[in-house]
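Working through the structure, step by step
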Amino acid sequence: MGGIELSLIVTLFGVAVAAGCVDAIAGGGGLITMPSLILAGLDPVSAIATNKLQGSAGACSATYAFARRGLIRWPEARPIALVAGLASILGALCVSLLPRAVLDAGVPVLLVAIALYFATAKRMSNEDAAARMSAGLFAVTVAPAVGFYDGVFGPGAGAFYMVGFVTLLGLGVVRATAHTKLANAASNLGSLALFAASGHVLWPIGIAMAVGAFLGAQLGSVLAMRLGARLIRPLLVTIACGMALRLLSDPANPLRQAVLGYFAAG
């Protein structure tokens, strides 16, 4: 891109405010920001890198807001966040070595399954329940898997963290959202470090969007804490389905091609 117009920066700032608000509640803010960055003229790599900057700011902002309310259990959360961040760096390093087609086909299926889970799960409250595994085991199994995925690809990472925190660690919806934001912040910062070092971040746009995402996340965090499961549950279902449809809308998606090919053959 050549010179960056002020009107474009202002527009993307507004986009980031909206995305930060949504992301703080249920994740999926990238559904709003990534298409906007592509439409603004950024190449795909620069769009991903710049999006990691605003995503990191939003996740850190939400984490701060939840932490002020005492919703993060730091002794359990710190190791999970640390491992997620390190795994995301490894994922970003391995991005060119993994079969992208497998991710393109598999992630929409997982997102639909997550949407169905949150839509039908009986226990979706703000109260904590009995954990099915220890936080230590979670930190060495689920956290690195999702963190690695976030570094490689990204869409749906927040939803995957949420499922783990709710079903495996027994956290209530609001506390699970708080822990998800911390893990998201760590994995975003890990992959952002690599993108920044390689010079792919477009800083004027990224900084403006980071400020917008920070402010939007503050608003989203307040709404999440105030309304709890009444807001988070339906928004999680909507965001997960939206991400799945967004991925499947790509004509090159192998799952889409396979389904269309099946019906065409029939």
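Up top is the structure.
Read on for an overview of the structure. (Residues numbered from 1 in each chain as written. Predicted model: local features only at pLDDT ≥ 70, side-chain atom pairs only at ≥ 80, totals over all residues. Heavy atoms only, no water.)

Turning our attention to helix H12 (residues 254-265). Because an α-helix completes one turn every 3.6 residues, residues spaced three or four positions apart along the sequence face the same direction. For H12, built from twelve residues, the straight-helix expectation of 16 Å at 1.5 Å per residue is met to within 8% by its first-to-last C-alpha distance of 16 Å. You can read the cap of H12 off the contacts: a side-chain oxygen lies 2.9 Å from the backbone nitrogen of Leu-255, and it is on Asn-253. (Helix = DSSP H or I, 4+ residues; strand = E, 2+ residues; numbered from the N terminus. Expected span 1.5 Å × (residues − 1). Polar contact = N/O pair within 3.5 Å; in protein donor to acceptor, adjacent residues only side chain to side chain.)

To continue, consider the nonpolar core. With 55 residues, the main nonpolar core has Phe-66, Leu-111, Met-162, Phe-165 and Ile-232 as its most contacted residues. Here this core takes nine residues from helix H11 (residues 229-248), the largest share from any one element. Not counting the four nearest positions on each side in its chain, Ile-232 is found in contact with Ile-25, Met-162, Val-173, Val-174, Thr-177 and Ala-224. Ranked by size, the runner-up nonpolar core spans eleven residues in total, among them Ala-40, Ala-47, Ala-208 and Ala-213. (Core = buried A, V, L, I, M, F, W, Y, C linked by side-chain atoms within 4.5 Å. Buried < 20%, exposed > 50% of the residue type's maximum accessible area, 1.4 Å probe, protein only. Contact = heavy atoms within 4.5 Å.)

A cluster of nonpolar residues, Trp-203, Ile-207, Val-211, Phe-214 and Leu-215, forms a patch on the protein surface that exposes about 470 Å² of accessible area. A residue is classified by how much of its surface remains accessible, and Trp-203, at 41% relative accessible area, is partly exposed. (Patch = residues over 30% accessible without salt bridge, like charges linked within 9 Å, V, L, I, M, F, W, Y side chains within 5 Å. Areas by Shrake-Rupley, 256 points an atom, 1.4 Å probe, with all protein chains shown as cover. Salt bridge = Lys/Arg side-chain N within 4 Å of Asp/Glu carboxyl O.)

Here we come to the side chain of Ser-61. Counting through the fold element by element, Ser-61 comes out in helix H3 (residues 44-68). Accessibility expressed as a relative area gives 0% for Ser-61, which makes it buried. Among the polar contacts listed, one links the side chain of Ser-61 to the side chain of Gln-218, at a separation of 2.8 Å. Contacts of Ser-61, omitting those with residues within four sequence positions, involve Phe-214, Ala-217 and Gln-218.

Moving on to the layout of surface pockets. Estimated volume of the largest pocket: approximately 1200 Å³. The wall of the largest pocket is formed by 44 residues, among which Met-34, Asn-51, Phe-153, Gly-154 and Pro-155 lie closest to the centre. Those elements that place two or more of their residues in the lining of the largest pocket are helix H1 (6-26), helix H2 (30-39), H3, helix H5 (100-120), helix H7 (142-152), helix H8 (157-168), helix H9 (173-197) and H11. A per-class count over the lining of the largest pocket returns 20 nonpolar, 17 polar and seven charged. (1 Å grid on protein atoms, 1.4 Å probe; cavity = no way out; pocket = protein on both sides within 12 Å on 5 of 7 lines; lining within 4 Å. Points joined across faces, edges and corners; volume = space filled by probe spheres on them. Nonpolar A, V, L, I, M, F, W, Y, C, P; charged D, E, K, R; others polar.)

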